[in-house]
Amino acid sequence: GVSAGCLNRFSAAGHLIERLLLPCRAPTMPCFGGDALTDLYLTSLVRTALDPQDLDGALFCWPSRTAGLPAPRWNWTPP
C-alpha cells in the first residue's frame, strides 16, 4: 500500500486479510520488533518538501495483534 497510504496484511495463501489506513501518504518497510516481536514498526517515505502537518518521513510503532517471526542473521564471509 505504499501509494495508497495503507498497510496490507495477507494470508500465507496470498489473500488480503486486513488493510490498515495510516496517517502518512507513503508507508514503507514494516518490521516487527520488541522482546516478543509484537511491536510493529513502519517507516514512511518523504515525497515532497516536508509540511509540518504531514507525517511523511515519520517512524511509527504500535502493538500488533500478530507476532512476527525472528529473522535469521546474515552471515557472509568474503571469498
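Preceding this paragraph is the structure being described.
Okay, so let's go over this structure.

Definitions and cut-offs
Residues numbered from 1 in each chain as written. Predicted model: local features only at pLDDT ≥ 70, side-chain atom pairs only at ≥ 80, totals over all residues. Heavy atoms only, no water. Core = buried A, V, L, I, M, F, W, Y, C linked by side-chain atoms within 4.5 Å. Buried < 20%, exposed > 50% of the residue type's maximum accessible area, 1.4 Å probe, protein only. Contact = heavy atoms within 4.5 Å. Helix = DSSP H or I, 4+ residues; strand = E, 2+ residues; numbered from the N terminus.

### Side note on the nonpolar core
Membership of the largest hydrophobic core is limited to 6 residues, which are L7, L22, C24, L40, L42 and F60. Other than its neighbours up to four places away in sequence, L42 contacts L7, L22, P27, T28, M29, P30, A58, L59, F60 and W62.

### Observations regarding unusual backbone geometry
A positive phi angle is found at M29, which is not glycine, with a value near 45°. Of note, M29 is situated in strand β3 (residues 27-33). For M29, a relative accessible area of 64% puts it in the exposed group. With phi around 55°, L37 is a residue other than glycine that occupies positive phi space. With respect to the element layout, L37 can be found in the loop between β3 and β4 (39-44).

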